[in-house]
Amino acid sequence: MKPPVFEYHRPASLTEAVDMLGGLENARLLAGGQSLMPMLAMRFAFPDHLIDLNRIPALAGIAEDGGTLRVGAMTRQRDLLDHPVVRARLPMLAEALEQVGHRQTRNRGTVGGSLCHLDPAAELVAVATALDAELEIAGPRGARTLPMAAFPLGFMTPALEPDELLTGLRFALPALPQGACFTEFARRHGDYAIVSAAAILWPRDGRIGRASITLGGVGPVPVRLEAAEAALAGQRADAESFAAAAACCGALDPMDDAQVPAWYRRRLAATLVRRALTTAWERADVR
Amino acid sequence: MHDVTLCLNGDVHRIRVEARRTLLDAIREDCGATGTHAGCEHGVCGACTVLLDGEPVRSCLMFAVQADGRELRTVEGLAKDGVLHKLQQSFIDHHALQCGYCTPGFLMLAAGLIEADPDLSDAALIDGLSANLCRCTGYANIVAAVRAVLGRAPS
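This write-up is about the structure you can find in this document.

Cut-offs and rules
- Residues numbered from 1 in each chain as written.
- Chains lettered and ligands numbered in written order.
- Predicted model: local features only at pLDDT ≥ 70, side-chain atom pairs only at ≥ 80, totals over all residues.
- Heavy atoms only, no water.
- Axes fitted to C-alpha atoms, helices over the stretch in contact; angles between N-to-C directions.
- Helix = DSSP H or I, 4+ residues; strand = E, 2+ residues; numbered from the N terminus.
- Parallel < 35°, antiparallel > 145°, perpendicular 65-115°, else oblique.
- Left-handed = near helix turned anticlockwise from the far one by under 90°.
- Contact = heavy atoms within 4.5 Å.
- Buried area = accessible area lost by both parts, 1.4 Å probe.
- Salt bridge = Lys/Arg side-chain N within 4 Å of Asp/Glu carboxyl O.
- Polar contact = N/O pair within 3.5 Å; in protein donor to acceptor, adjacent residues only side chain to side chain.
- Nonpolar A, V, L, I, M, F, W, Y, C, P; charged D, E, K, R; others polar.
- Phe/Tyr/Trp six-rings, centres within 6.5 Å; stacked < 30°, edge-to-face > 60°.
- Lys NZ or Arg CZ within 6 Å of the ring centre and 35° of its normal.
- Buried < 20%, exposed > 50% of the residue type's maximum accessible area, 1.4 Å probe, protein only.
- Patch = residues over 30% accessible without salt bridge, like charges linked within 9 Å, V, L, I, M, F, W, Y side chains within 5 Å.
- Areas by Shrake-Rupley, 256 points an atom, 1.4 Å probe, with all protein chains shown as cover.

1. With respect to the packing of helix H3 (residues 103-116) of chain B against helix H5 (residues 139-149) of chain B
All names here are of chain B.
And step 1. At a closest axis distance of 11 Å, the pairing of H3 and H5 adopts a crossing angle of 40 degrees. Judged by the angle between their axes, H3 and H5 are oblique. Read as a crossing pair, H3 and H5 show a hand that is right-handed. Mapping the contact onto sequence places Phe106, Ala110 and Ile114 in H3 and Tyr139, Ile142, Val146 and Val149 in H5.

2. Digging into the interface of chain B and chain A
And step 1. Between chain B and chain A, the residue contacts involve 33 residues of the former and 32 residues of the latter.
And step 2. Together chain B and chain A conceal approximately 2,600 Å² of surface at their shared face, both sides included; 53% is due to carbon and sulfur atoms.
And step 3. Where chain B packs against chain A, one counts four salt bridges.
And step 4. Ionic pairing is found between Glu41(B) and Lys2(A), a salt bridge with its closest N-O pair at 2.4 Å.
And step 5. Run the count over chain B and chain A and you get 14 residue pairs in polar contact (both at pLDDT 80 or more).
And step 6. For the side of chain B that touches chain A, the elements supplying multiple residues, two or more each, are strand E3 (49-52), strand E4 (55-58) and H3 of chain B.
And step 7. Among the residues making up the side of chain B that touches chain A, the classes are represented as 16 nonpolar, eight polar and nine charged.

3. Considering the packing of aromatic side chains
All names here are of chain A.
And step 1. Applying the stated criterion across every chain yields a total of three aromatic pairs over all chains.
And step 2. Between Trp263 and Tyr264 the ring centres are 6.0 Å apart and the planes differ by 85 degrees, which places this aromatic pair in the edge-to-face class.
And step 3. One residue, Arg210, lies across the ring of Trp202, its end atom 4.1 Å from the ring centre.

4. Focus on helix H8 (residues 123-130) of chain A
Residues and elements named next belong to chain A.
And step 1. For H8, the tally of buried residues reaches eight of eight residues, placing the bulk of the element in the interior.
And step 2. For H8, the full list of buried residues reads Glu123, Leu124, Val125, Ala126, Val127, Ala128, Thr129 and Ala130.
And step 3. Looking at the residues trailing H8, positive phi occurs at Asp132, about 50 degrees.

5. As for a nonpolar patch on the surface
All names here are of chain A.
And step 1. Together, Met1, Met42 and Phe44 make up an exposed nonpolar region whose accessible area comes to about 340 Å².
And step 2. Of note, Met42 is situated in the loop between helix H2 (36-41) and strand E3 (49-52).
And step 3. Met42 gets classed as partly exposed once you look at its relative accessible area, which sits at 31%.

In structure tokens, the structure reads:
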């Protein structure tokens, strides 16, 4: 189908974009368009105005800044995936990005667009939660920052006021040795995950010092498996402790949908948590 | 209405389009280059893949007005002086098409992949080609055709 009629706006600066967003009724931002365009074509979205952010150079770009990697919201997923600092220091982010759509969509799709679309099964949403990314938001009342954990308010609902937009995000570059793994199950490579799991393990004295486990696709927003994280701290990293952590997935309350029933997501989550923890530990380079 | 200039296979097209005109429809309807095929029109099948400044994109997932001033290559730009591009010839040699509907998208995707990395691994090639759908189940022959262009023997 063809997209509905709308008025097109192309701001040249962030200030201009913020003014338009605050001044136009029923306006939507157009980032990479890889989710919004299908929504327009299928007539799920009827904006009166589209504000195209693609020609605001200041919104795109990747910069290492002290111990953090700053990523502009309009950075293409492909550019982040190919960035040498991501490959070397945040390999779990690259691992997740490789599973976001396909080359064509990553060439256009943006990091900020995916986060703001906030599909519960989106890889970038899960991995940004796992990596505790800090979000930069701009609006008519100025700029503010927000931890990723506070960004999803509910199903596809980011903590943005109608006149605010995401301008960038910061990933802390790991200081302590760790092992991390992002893994997912999708019916076809490149589809949204049915369930995804991201695990980070920080070894200490040959055991697990600290663990971080994040699941995507098991609820309206990403879930941190806090019970399992607490249970793993100080434990030996073996099949038994990983199985115990995976068993915490029994308490999840995922949704049924046309694709799979809730029990299947729960089973899948447990399997993926176990696999992610096992691989993360193999990568932790414990000596 | 918006005035848009597209550089399509080296030719400049000055067109006037509604904002909602997709790049795909502009290429086909306004520039008259119907080699690029409209499949699902919502970013699933890859049939409309074109090269935007050398990189494969789905032309149904972009508005024509966004491509103003950008360089586009479509299947019409592959053959030179009546001689087929090596990918086109290889598709014929390896029977990599049946009905041919997905073929322009696969050709442009493959062209983008191998131009970006002439030493593309088999795994990366299969990963890249997995973006597009072929309903005649011709994937094995499509992979074989592109591998041949990369100088690799049939597996």
